[in-house]
Amino acid sequence: MIRRYYKKPELIISRAMRYSSNNRGFTLVETILYIGIVSLILVAFISVALSISRSRAKTGVVAEVTYNAKHALNIIESHIRAADDVVSPAEGVTNTSLEVDMPGTPDNVVFDVSGGALRLTQGVASPVPIITNEVSVTSISFENLAASGEKDNIKIILGIEYANPGSMEYTYSKTFT
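Residues numbered from 1 in each chain as written. Predicted model: local features only at pLDDT ≥ 70, side-chain atom pairs only at ≥ 80, totals over all residues. Heavy atoms only, no water.

K.L.:
Whenever I open this one, the side chain of D152 confuses me. Can you help?
P.N.:
Mapped onto the secondary structure, D152 falls in the loop between β7 (135–144) and β8 (154–162). Separated by 3.1 Å, the side chain of D152 and the backbone nitrogen of V86 make a polar contact. Among the polar contacts listed, one links the side chain of D152 to the side chain of N144, at a separation of 3.0 Å. (Helix = DSSP H or I, 4+ residues; strand = E, 2+ residues; numbered from the N terminus. Polar contact = N/O pair within 3.5 Å; in protein donor to acceptor, adjacent residues only side chain to side chain.)

K.L.:
Would you mind going over the sheet that holds strand β1 (residues 85–88) with me for this structure?
P.N.:
Pairing is antiparallel in the open sheet, where five strands are placed in the order β1-β3-β4-β5-β6. Two strands bound the open sheet, and with one partner strand each, they are β1 and β6 (128–129). The pairing of strand β3 (residues 98–101) with strand β4 (residues 108–114) spans four bridges and is classified as antiparallel. If you follow V100 over to β4, its bridge partner there is V109. (Pairing = 2+ DSSP bridges.)

K.L.:
Is there a simple way to think about the sheet that holds β7 in this case?
P.N.:
What links the strands of a sheet is backbone hydrogen bonding, and the strands pair in either a parallel or an antiparallel sense. Spatial ordering of the open sheet is given by β2-β7-β8-β9, a layout of four strands whose pairing is antiparallel. The outermost strands of the open sheet, each flanked by one partner alone, are β2 (94–95) and β9 (173–176). With four bridges joining them, β8 and β9 adopt antiparallel strand pairing. Considered in β9, the bridge of I160 is made with K174. Lying over the sheet, helix α2 (residues 28–82) contacts β7, β8 and β9, oriented at roughly 155 degrees with respect to β8. (Contact = heavy atoms within 4.5 Å. Axes fitted to C-alpha atoms, helices over the stretch in contact; angles between N-to-C directions.)

See below:
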C-alpha cells in the first residue's frame, strides 16, 4: 500500500499569507532606482523641450528679419516702378538715400535710414518707418546702374539685423539685394 502525504490546506494558505504579509512596500533600493529612472526621464524630457523652444525662437528671429526686408524691398520697388524719374542717386552714383519723383504729386518720395529705421518721407510730411522696431537697418545703398539717357535701373543692398539688446543668443543679420 502506498501512503500519500497530503498537506493540510490550512497550512498552505498560512504560508502564502506569511510571505505576502512581509512584502507590504518597496525596499530602499527599489525606491532609489525608481527615483533615478524617473529623474533621467524628466531630465531628457526637459532637455528636448528647451531645445525645441530655443529652435522655435531662433526660427522666429530669422522669419522676422526676412519678412521686414522683403516688405521694405517690395515697398521701395513699387515706388521705383511707379515713379516718373529717379531724382537721387544720379546715373552711375551710389547713395544711402533714394529720392523718386512720383506722378500726379508735386512731392517727391524719399527713402532713408535714421537710427536704424528705414523710413519713407513724402514731401514735407513726417517720415514713416516701413520696418518694425524689432529689426534694425545696419546698411543700405542705392546704386543707379543706368547709363546716361537710359531708363533708371536701381540696385538696392539692404543690411538688416534683429534688434535684440538683451540676449546675444538670438542675434541674426542678413544682407539682401
